[in-house]
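# Structural overview
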Amino acid sequence: MISSLHRPTLAKVDLSAISENIEQVVSHIPKKVQTFAVVKANAYGLGSNEVARYLEQTGGVDYFAVAVCDEGKELRRLGITTQIMVMNPEPGSYEQIMSNHLEPNIFNKHLLLDFISAAERYGAHLYPIHLKWNTGMHRTGFDEDEVEEVLTILSRTGAVRVASIFTHLSVADEPTEDDYTYRQLAMLDRVEQRLRRALPHPFL
């Protein structure tokens, strides 16, 4: 016989404290820098619906980020209008992403070609996408030597536009590894310069 355990555990989430944390972060960055609040996996257990609603009402964030399309769809169903990035757009979800005004993170050539194909079928024009670049995390992202190929693919369509580029800093929280972090940032800077020279639209 199997019995379930009921643990008397209660998590109290102080939404105002989350807002204050964001204010602290924003106070240390230039005004032109936009802020993404990652609310994937139910806002890491804090309650994505409640957190997103509160942050949209109080301001302070420019984007939300979720893991998959369904998380973004749920926020839209609740009336969230802030821009939402989908970090892991699943095959078959692309039309749903566009119909819910979500923005995909594109991190390899296969995904880029597939999403462009879906955007063209959908009749999209300059639909915003985000390009992730691998600068040293070696998890996902385009490599620096793929810049020209990415530009060639983008030049053949008007269905999408690059809204932002970004990378994942693997050891930015370790001061002893600052040299590695600066090398990552330098690589992203090189990618950015090449993209800015070639792309017809501004991006973050």
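For the structure, check the block above.
Structural notes, computed from the coordinates. Everything quoted here is computed from the prediction, not taken from an experiment.

Cut-offs used in this document
Residues numbered from 1 in each chain as written. Predicted model: local features only at pLDDT ≥ 70, side-chain atom pairs only at ≥ 80, totals over all residues. Heavy atoms only, no water. Helix = DSSP H or I, 4+ residues; strand = E, 2+ residues; numbered from the N terminus. Axes fitted to C-alpha atoms, helices over the stretch in contact; angles between N-to-C directions. Parallel < 35°, antiparallel > 145°, perpendicular 65-115°, else oblique. Contact = heavy atoms within 4.5 Å. Nonpolar A, V, L, I, M, F, W, Y, C, P; charged D, E, K, R; others polar. Buried < 20%, exposed > 50% of the residue type's maximum accessible area, 1.4 Å probe, protein only. Salt bridge = Lys/Arg side-chain N within 4 Å of Asp/Glu carboxyl O. Pairing = 2+ DSSP bridges. Lys, Arg positive; Asp, Glu negative; His and termini not counted. Expected span 1.5 Å × (residues − 1). Arc of directions from axis to C-beta.

### Observations regarding unusual backbone geometry
Here Y44, not a glycine, exhibits a phi torsion of approximately 55 degrees, which is positive. Mapped onto the secondary structure, Y44 falls in helix α2 (residues 40–44). Residues other than glycine seldom take positive phi values, yet L126 does so here, at roughly 55 degrees. The topology assignment puts L126 in the loop between α6 (109–122) and β5 (127–133).

### Things to note about the packing of α6 against helix α7 (residues 147–155)
Close contact between α6 and α7 brings their axes to 11 Å; oriented N to C, the two are set at 5 degrees. Between α6 and α7, the interaxial angle falls into the category roughly parallel. Seen from α6, the contacting residues are K109, L112, L113 and I116; seen from α7, they are E149, V150, I153 and L154. Residues belonging to the contact of α6 with α7 are distributed by class as follows: six nonpolar, no polar and two charged.

### Focus: the side chain of T35
When you line up the elements, T35 lands in the loop between α1 (15–26) and β1 (36–38). Look at T35 and you get buried, because its relative accessible area is 13%. Not counting residues up to four positions away in its chain, the partners in contact with T35 are V26, I29, G60, V61, D62 and Y63.

### Notes on the pattern of salt bridges
Taken as a whole and judged by the stated rule, the model has seven salt bridges. E95 serves as the salt-bridge partner of R121, at 3.2 Å between the closest nitrogen and oxygen. On the criterion of sequence distance, the pair formed by R121 in helix α6 and E95 in helix α5 (residues 94–99) is long-range, its members being 26 residues apart. With a relative accessible area of 30%, E95 lands in the partly exposed category. Between E192 and R196 there is a salt bridge, and its shortest N-O distance comes to 2.7 Å. One end of the pair is E192 and the other is R196, both in helix α8 (residues 178–198) and four residues apart, which spans about a single turn. On the basis of relative accessibility, which here comes to 25%, the residue E192 falls in the partly exposed class.

### Some details on the sheet that holds β1
In spatial order, the strands read β1-β2-β3-β4-β5-β6; together these six strands make up an open sheet with parallel pairing. Two strands close off the open sheet at either side, each with one partner strand: β1 and β6 (160–167). In this sheet, adjacent strand axes meet at a mean angle of 30 degrees when their direction is disregarded. Contacts from α7 reach β5 and β6 within the one sheet, and its direction differs from that of β5 by about 170 degrees.

### What about the environment of A119?
Residue placement: A119 occurs in helix α6. Judged by its relative accessible area of 0%, A119 falls in the buried class. Put simply, A119 and E95 are 24 residues apart on the chain and 7.5 Å apart in space, counted from C-alpha to C-alpha. Apart from the residues lying within four places of it in its own chain, the contact partners of A119 are M98, A124, A159 and V160.

### Topic: the side chain of E103
Mapped onto the elements of the fold, E103 is located in strand β4 (residues 103–106). No salt bridge forms around the buried E103; measuring N to O, its nearest opposite-charge neighbour R161 is 6.1 Å away.

### Overview of α1
For α1, with 12 residues, the first-to-last C-alpha span of 17 Å sits near the 16 Å given by 1.5 Å per residue. Along α1, the residues that are buried comprise I18, S19 and I22. One side of α1 carries all its buried residues, which in axial view fall inside an arc of 100 degrees. Pointing more than 90 degrees away from the buried face of α1 are the exposed residues E23 and Q24. On its buried side, α1 packs onto α3 (48–58).

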